[in-house]
Amino acid sequence: MGTKKRDGCCKKFAKFLFSHIGLCGMVILYCVAGGFIFEHLEKNNEQQICYESRSEYNPMENKTIESILKIFNDYGFPTENNRALMEVQVKSVLETFRNNTLAIGYDGRDCGAYGRTGGPIYSWSWAGSLMFSVTVISTIGYGHIAPKTVWGRLVCIAYAVLGIPLMLLCLANIGDVLADIFRFIYAKICCCGCCRRKKKDKATKVVEIKPMPRDGNWKSDKSNMVKNNTVTDQNEFSRIPCKSPTGSTDTNDNNKLKLSSRSPSPLGKSVKIVPLDLNPMNRPDPMILDDDSDDDDDDLDDKKITVPLTITMIVIGGYIFGGAVLFGLWEGWDWLQSAYFCFITLSTIGFGDVVPGTDFENSQAQAQLLLGAVYVLFGMAILSMCFSLMQDEIIAKCRWVGEKLGILDKSEE
């Protein structure tokens, strides 16, 4: 009994885990856990690299100072005769110092002041590590920071192997859900129910079946029964048995007609025989026949509502524009640079030349990194939704073109 109960709980947990909420929660927790993991692996190493770079920088700085002093010691105070020669030598020494400094990657930070007020800010803080985790599983990969330790690189490989499929699964799942929600909103608000009204207000034809003369000899002439220019070979006509002057039906076996029987018409086509009362008092209301001219509209109404491509492009453009305004205000970027960053991010190109939160002198750098991570996650979900809507629209358009060209049957899905 306990084993069955435990199996049932496991099944419920697995079902919840792979539901919409479960997948989103797994992605968020995975990113948060990645932030803590990479912070733990790379934060101390970042400070250690700073110390190593400064240990290489200090000798070069001392050597450069000595070289410049030696030049002044050899030539003395600059004059018109030795000024040009001294400038060439000093410039050569400074160029060598500049190239060596860039090679070791030291930017003059105070390595001992990391984490203190007024000191340098860790690139591998939790916010920075969270941003890195999001860019890894979303395949954006800015490259502005990268793991340097052996364990950091190994963990990054394993983290990407597990995280990228999880992210793609979540995007595919949440994209379909958001697409259905957006399609419902579009049908209810934007379309104002025009599709349904169109189907209800579709024109119909009212055709009154006129009685045939009682001449005793029934003629299955289709032109005397339903006057419609669109009569096809599959039309069904009514036929009744002849009545005697007293109103009684002829019960002769040769003249008796059976319900739902078929009798060949003079044209050699099958005719459905259905009893019809020709008494004007008992005549039924006019028969309403569906107009086949609106079959194309019926086919379109019965299908799932699709959102035009222009609407989805407006949604993507609006999200990029909103991000451009937000990052422009926070980072001080111009509108083109902000829009460029948003597009490069959402398209998963991720050059990494423009990244928020990299100005370490800004006290809001950590908050900007968190905002960037949230923007990426929501942006990927919005893109997945728009791609799903665009796919449905393109498939519907291609099917419509195929039906018009006769390549596909209207009954095909």
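See above for the structure.
Residues numbered from 1 in each chain as written. Predicted model: local features only at pLDDT ≥ 70, side-chain atom pairs only at ≥ 80, totals over all residues. Heavy atoms only, no water.

Helices and strands together make up the secondary structure of the protein chain, namely 10 helices and 4 strands. Ordered by position in the sequence, the α and β elements of the protein chain form the string α-α-α-α-α-α-β-β-β-β-α-α-α-α. Within the span of the protein chain, comprising 413 residues, buried residues form 31% of the whole. Within the structure as shown, the protein chain displays about 26,800 Å² of accessible surface, and the carbon and sulfur contribution to it stands at 60%. (Helix = DSSP H or I, 4+ residues; strand = E, 2+ residues; numbered from the N terminus. Buried < 20%, exposed > 50% of the residue type's maximum accessible area, 1.4 Å probe, protein only. Areas by Shrake-Rupley, 256 points an atom, 1.4 Å probe, with all protein chains shown as cover.)

The next point concerns a nonpolar patch on the surface. Side chains of Val150, Trp151, Leu154, Ile157, Val161 and Leu162 sit close together on the surface and give an oily, nonpolar patch of about 700 Å² of accessible area. Its location among the elements puts leucine 162 in helix α5 (residues 150-190). (Patch = residues over 30% accessible without salt bridge, like charges linked within 9 Å, V, L, I, M, F, W, Y side chains within 5 Å. Salt bridge = Lys/Arg side-chain N within 4 Å of Asp/Glu carboxyl O.)

What follows is about helix α9 (residues 335-346). Taking 1.5 Å per residue, 12 residues should reach 16 Å; α9 reaches 16 Å between its end C-alpha atoms and fits that length. All of the buried residues along α9 are Ser338, Phe341, Cys342, Ile344, Thr345 and Leu346. Taken together, the buried residues of α9 touch α8 (309-331) and α10 (365-405). Two residues or fewer after α9 comes threonine 348, characterised by a positive phi angle close to 60 degrees. (Expected span 1.5 Å × (residues − 1). Contact = heavy atoms within 4.5 Å.)

Turning our attention to the nonpolar core. With 44 residues, the main nonpolar core has Val27, Cys31, Phe132, Ile137, Tyr142, Tyr159 and Phe341 as its most contacted residues. Residue assignment for this core shows that the elements contributing at least two residues are α2 (20-75), α4 (126-137), α5, α8, α9 and α10. The residues touching valine 27, leaving out its near neighbours within four places in the chain, are Ile137, Leu166, Met167, Cys170 and Leu377. Counting 8 residues, the second-largest nonpolar core is a separate cluster that includes Cys50, Met60, Tyr106 and Tyr114. (Core = buried A, V, L, I, M, F, W, Y, C linked by side-chain atoms within 4.5 Å.)

Quick look at the side chain of aspartate 392 now. Tracing the chain through its elements places aspartate 392 in helix α10. Relative accessible area serves as the criterion here: at 18%, aspartate 392 is assigned to the buried category.

Tallying each qualifying case throughout the model produces 15 aromatic pairs. Plain terms: the ring middles of phenylalanine 327 and tyrosine 375 are 5.4 Å apart, the flat faces sit at 90 degrees to each other, and that makes the pair edge-to-face. Highlighted residues: phenylalanine 327 in helix α8 and tyrosine 375 in helix α10, separated in sequence by 48 residues. Given the relative accessible area of 1%, phenylalanine 327 is considered buried. A residue is classified by how much of its surface remains accessible, and tyrosine 375, at 8% relative accessible area, is buried. The structure contains a cluster of three or more aromatic residues connected by ring pairs, namely Tyr142, Tyr319, Phe327, Trp333, Phe341 and Tyr375. In this arrangement the basic side chain of lysine 43 is found over the ring face of tyrosine 122, its NZ or CZ atom lying 4.8 Å from the centre. (Phe/Tyr/Trp six-rings, centres within 6.5 Å; stacked < 30°, edge-to-face > 60°. Lys NZ or Arg CZ within 6 Å of the ring centre and 35° of its normal.)

Bringing the packing of α2 against helix α3 (residues 83-104) into the picture now. In the contact formed by α2 and α3, the axes pass within 10 Å of each other and the chain directions differ by 180 degrees. As judged from the angle between their axes, α2 and α3 are roughly antiparallel. From α2, Ser53, Glu56, Tyr57, Met60, Glu61, Thr64, Ser67, Ile68, Ile71, Phe72 and Tyr75 reach across to α3, where they touch Leu85, Met86, Gln89, Val90, Val93, Leu94, Phe97, Asn100, Thr101 and Ile104. Of the residues belonging to the contact of α2 with α3, the class tally is 13 nonpolar, 6 polar and 2 charged. (Axes fitted to C-alpha atoms, helices over the stretch in contact; angles between N-to-C directions. Parallel < 35°, antiparallel > 145°, perpendicular 65-115°, else oblique. Nonpolar A, V, L, I, M, F, W, Y, C, P; charged D, E, K, R; others polar.)

Moving on: the pattern of salt bridges. Evaluation of the coordinates by the stated rule reveals 9 salt bridges. A salt bridge links glutamate 39 to lysine 43; its shortest N-O distance comes to 3.6 Å. Of this pair, glutamate 39 and lysine 43 are both found in helix α2, 4 residues apart, which corresponds to roughly one turn of the helix. On the basis of relative accessible area, glutamate 39 is assigned to the buried category, the value being 17%.

Moving on, we get to the packing of α5 against α10. Angle between the axes and distance between the axes are the two parameters that describe a pair of packed helices. In contact at an axis separation of 7 Å, α5 and α10 are set at 60 degrees when each is read in the N-to-C sense. The hand of the α5/α10 crossing is right-handed. Within the contact between the two elements, α5 uses Met167, Leu171, Ala172, Ile174, Gly175, Asp176, Leu178, Ala179, Phe182 and Arg183 and α10 uses Leu377, Met380, Ala381, Ser384, Met385, Ser388, Leu389 and Asp392. Looking at the contact of α5 with α10 residue by residue, the class counts come to 12 nonpolar, 3 polar and 3 charged. (Left-handed = near helix turned anticlockwise from the far one by under 90°.)

Taking 1.5 Å of rise per residue, the 56 residues of α2 would be expected to cover 82 Å, and the 78 Å separating its terminal C-alpha atoms lies within 8% of that figure. Where α2 bends most, at glutamate 39, the angle is about 35 degrees. Count one or two residues on from α2 and you reach glycine 76, which has phi positive near 75 degrees. (Bend = angle between axes of the 7 residues up to and from the residue.)

Moving on, we come to the side chain of glutamate 331. Among the secondary structure elements, glutamate 331 is positioned in helix α8. No salt bridge is formed by the buried glutamate 331. Its closest oppositely charged neighbour is arginine 109, at 14 Å. Among the polar contacts made by the side chain of glutamate 331, one reaches the main-chain amide nitrogen of glycine 357 at a distance of 2.9 Å. Those residues in contact with glutamate 331 that sit more than four places away from it in its chain are Pro356, Gly357 and Gln368. (Lys, Arg positive; Asp, Glu negative; His and termini not counted. Polar contact = N/O pair within 3.5 Å; in protein donor to acceptor, adjacent residues only side chain to side chain.)

With phi around 60 degrees, threonine 139 is a residue other than glycine that occupies positive phi space. For threonine 139, the location among the structural elements is in the loop between α4 and α5. The backbone phi angle of threonine 348 is positive, close to 60 degrees, even though this residue is not glycine. In this fold, threonine 348 is placed in the loop between α9 and α10.

Remember that the coordinates give geometry; whether it matters functionally is a separate question.
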